[in-house]
Amino acid sequence: MASIARMMVVKSLGLALLLSFWDPSSYAQDHETIPPPRKLTTELSERAAANYQRYCALCHGANREGYANDHAPSLRSESLFQSGVPHAVLRPLSYGREGTAMGGYLDEVGGPLTLDETWDLTYWLFWESGVDRVKLSTNPVHGDIRRGKVVYQENCASCHGVNGEGVNAPALGNQSALAHNTDEFIRYAIRYGRNGTPMPAWGETLSDADIDNVTAFLRSRASGWSMQKPVLKAMPAPDEYVINPDGEDPDFDLTEGRYVSATDLLAAMQGKKRMVLLDTRVTSVWQRVHLEGSIPIPYYTNFDELADQLPKDVQIVAYCSCPRAAADHVVNKLRRRGYENTAVLYEGIFGWMNMGYPVMRGDFEVAAD
Ligand code: HEC
Ligand code: HEC
């Protein structure tokens, strides 16, 4: 491990030197370091570490390495934290990335963390990364958008998708990401890649001009995104957990002893079968959109406290967006506690919505920001 890390340092030093010959002015500007963010007390740091394990490890991995589930990116790559204005971490953590498995964790949008806790977790991630931050300007990066599009389709679409939708890499056309990431932050990621992940350092192969062009092209996809503030719904009470309490039990044909298809679940819902639907995602995304009648029982629930609120004799179906990781996790926990009648929606809620099946949407007001 140490030798790999050393190789990466040597490699990025070499790259940095090379770049400094290509464009000394941008290099100098890129590498003015700024003080680390606020250091946490031992107590706060321990709490942030515990929150990380409870809320984030499922997808981003126990050691912040990323890719534990659903292509969640690394939360320890050097370049992310070097270029990182804390907001580049705080924003996705607080508000999520719409249309991806990354939900918002801030209480204001219906998540489990307070504002202080989201800041502490952000600072903790910076400190854990152990890198110096680089001062990036907030000026726009200028480039030829048409040429940038060609560069994008030739070099980036295979991983990030023809329309920036993300295939096995983050969605670069995502409005929530483009609204918060500055041009320089994006350019830094392109130039230096993300160490220890599949994202290459394009400074080694593309010209500076083309890096600017593709940055400008990505920026041109941001068509104004205004922050939406949810009108938070009350959580359902235990006596509302069972849908169609007078209906018949469904008779699902489960694959691998646990997965129910979206088609079968829809038929059961339309047939008014007696069921409990568990939304296992972070609670803020239940506020945004969920299957009708579902209750938010997120993957980080303390299942000992949940104890007997869930009936054992009713068919339980859990779902998430990742597309099964969180729901599998919850069903494993329940089965260990004697809940035999449990299943996971195979397609997840995104698959369900892509099939055109109905969902309930939350109410939003456009926030002044
Ligand atoms: C081999 C697959 C692959 C290719 C090709 C690729 N990327 Fe990436 N890219 C990734 C992955 C994976 C990540 C996320 C890495 C992480 O942080 O874990 C990423 C991250 C990024 C990010 C940072 C996103 C963020 O929100 O932090 C940007 C910007 C980016 N890529 C742009 C590009 C551009 C522009 C190109 C083409 C010049 C490109 N990528 C080509 C795989 C790829
Ligand atoms: C259910 C899976 C899941 C969980 C749990 C999760 N994330 Fe994510 N996260 C993702 C995915 C997927 C993305 C990439 C979204 C995209 O395509 O832009 C992401 C992106 C991010 C990013 C943006 C990184 C970048 O390179 O731009 C940050 C920061 C982040 N997550 C932090 C967290 C933190 C902190 C937690 C815990 C509080 C957390 N996430 C929990 C799936 C998850």
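Residues numbered from 1 in each chain as written. Chains lettered and ligands numbered in written order. Predicted model: local features only at pLDDT ≥ 70, side-chain atom pairs only at ≥ 80, totals over all residues. Heavy atoms only, no water.

A. Seen up close, the environment of Met353. Among the structural elements, Met353 can be located in helix H16 (residues 348-354). For Met353, a relative accessible area of 23% translates into the label partly exposed. (Helix = DSSP H or I, 4+ residues; strand = E, 2+ residues; numbered from the N terminus. Buried < 20%, exposed > 50% of the residue type's maximum accessible area, 1.4 Å probe, protein only.)

B. Structural view of the site of ligand 2. In the neighbourhood of ligand 2, 21 residues make up the surrounding shell, with Cys56, Cys59, His60, Arg97 and Met102 lying closest. The separation between a nitrogen atom of ligand 2 and a polar side-chain atom of His60 is 2.8 Å. A distance of 2.8 Å separates an oxygen atom of ligand 2 from a polar side-chain atom of Arg97. Taken together, the elements giving at least two residues each to the shell around ligand 2 come down to helix H3 (42-60) and helix H5 (87-95). Among the elements that line the shell around ligand 2, the one with the most residues is H3, at four residues. Across the shell around ligand 2, the residue classes tally to 17 nonpolar, two polar and two charged. (Near = heavy atom within 4 Å. Polar contact = N/O pair within 3.5 Å; in protein donor to acceptor, adjacent residues only side chain to side chain. Nonpolar A, V, L, I, M, F, W, Y, C, P; charged D, E, K, R; others polar.)

C. Representation of empty space enclosed by the protein within the structure. Enumeration according to the criterion identifies two cavities of 30 Å³ or more in this entry. Of the volumes computed, that of the largest cavity is approximately 60 Å³. Every element with two or more residues in the lining of the largest cavity is listed here: H5 and helix H9 (175-180). Its residues assigned to classes, the lining of the largest cavity shows three nonpolar, five polar and two charged. (1 Å grid on protein atoms, 1.4 Å probe; cavity = no way out; pocket = protein on both sides within 12 Å on 5 of 7 lines; lining within 4 Å. Points joined across faces, edges and corners; volume = space filled by probe spheres on them.)

D. Quick look at the site of ligand 1. Contacts to ligand 1 come from 23 residues, most closely from Tyr67, Cys156, Cys159, His160 and Met199. Interatomic distance of 2.7 Å between a backbone N/O atom of Ser74 and an oxygen atom of ligand 1. Of all the elements in the fold, those that place two or more residues in the shell around ligand 1 are helix H8 (157-160) and helix H10 (183-192). Of the residues in the shell around ligand 1, the class split is 15 nonpolar, six polar and two charged.

E. Quick peek at helix H7 (residues 145-155). Looking only at H7, the buried set comprises Gly148, Val151 and Tyr152. One face of H7 carries all of its buried residues, which in axial projection span an arc of 100°. Counted as exposed and oriented over 90 degrees from the buried face of H7: Arg146 and Glu154. As for H7, its buried residues are in contact with H8 and helix H11 (208-219). In this structure Asp144 caps H7, since a side-chain oxygen of it lies 3.0 Å from the backbone nitrogen of Arg146. (Arc of directions from axis to C-beta. Contact = heavy atoms within 4.5 Å.)

F. Up close: the packing of aromatic side chains. A full pass over the atoms with the stated rule returns 10 aromatic pairs. An angle of 85° between the planes, with centres 5.0 Å apart, marks the rings of Phe81 and Phe126 as edge-to-face. Of this pair, Phe81 sits in helix H4 (residues 78-82) while Phe126 sits in helix H6 (residues 115-129), and the two are 45 residues apart along the sequence. An identical accessibility class is assigned to Phe81 and Phe126; each is buried. Ring geometry for Tyr259 against Tyr346: centres 5.5 Å apart, planes inclined by 80°, an arrangement best described as edge-to-face. With a gap of 87 residues between them, Tyr259 in strand E4 (residues 259-260) and Tyr346 in the loop between strand E9 (342-345) and H16 connect regions that are remote in the sequence. What makes Tyr259 buried here is its relative accessible area of 9%. Every member of this aromatic cluster is reached through a ring pair, and the members are Tyr55, Tyr105, Tyr299 and Tyr300. Sitting over the face of the ring of Tyr339, Lys312 holds its NZ or CZ atom 4.9 Å from the ring centroid. Residue placement shows Arg324 over the ring face of Tyr346; its charged tip is 4.0 Å from the ring centre. (Phe/Tyr/Trp six-rings, centres within 6.5 Å; stacked < 30°, edge-to-face > 60°. Lys NZ or Arg CZ within 6 Å of the ring centre and 35° of its normal.)

G. Examining the coordination of the iron atom of ligand 2 more closely. On the protein side, the iron atom of ligand 2 has His60 (NE2) and Met102 (SD) as donor atoms, found 2.0 to 2.1 Å from it. Met102 sits in the partly exposed class, given a relative accessible area of 24%. (Donors = N, O, S within 2.8 Å, 3.2 Å for Na, K, Ca; no water.)

H. Highlighting the sheet that holds strand E8 (residues 315-319). The strand order across the open sheet built from five strands is E4-E9-E8-E5-E7, with neighbouring strands paired in parallel fashion. Because the sheet does not close on itself, it has two edges, and the strands there are E4 and strand E7 (295-296). Alignment of E8 against E9, held across three bridges, turns out to be parallel. The residue bridging Ile316 from the neighbouring strand is Thr342, located in E9. The strands that helix H12 (residues 262-270) touches are E4, strand E5 (275-279), E8 and E9; relative to E5, the one it contacts most, it runs at about 130°. Strand contacts of helix H15 (residues 325-336): E4, E5, E8 and E9, with the helix running at about 180° to E9, the strand carrying the most contacts. (Pairing = 2+ DSSP bridges. Axes fitted to C-alpha atoms, helices over the stretch in contact; angles between N-to-C directions.)

I. View of the coordination of the iron atom of ligand 1. His160 (NE2) and Met199 (SD) make up the full set of protein donors to the iron atom of ligand 1, lying at 2.0 to 2.2 Å. Coordination at the iron atom of ligand 1 is octahedral, judged from the six donor atoms that bind it and the angles of 87 to 179° they form at the metal. With a gap of 39 residues between them, His160 in helix H8 and Met199 in the loop between H10 and H11 connect regions that are remote in the sequence. Under the relative-accessibility criterion, Met199 is labelled partly exposed at 21%. (Tetrahedral: all angles 85-135°; square planar, octahedral: opposite > 155°, others 65-115°.)

J. Structural context of the pairing of E8. Taking burial as the measure, the five residues of E8 include five buried ones, the bulk of the element. Bridge count for E5 against E8 is five bridges, and the pairing is parallel. By the bridge assignment for E8, Leu277 is matched with Val317.

In short, the description is geometric, and any link to function would need to be established separately.
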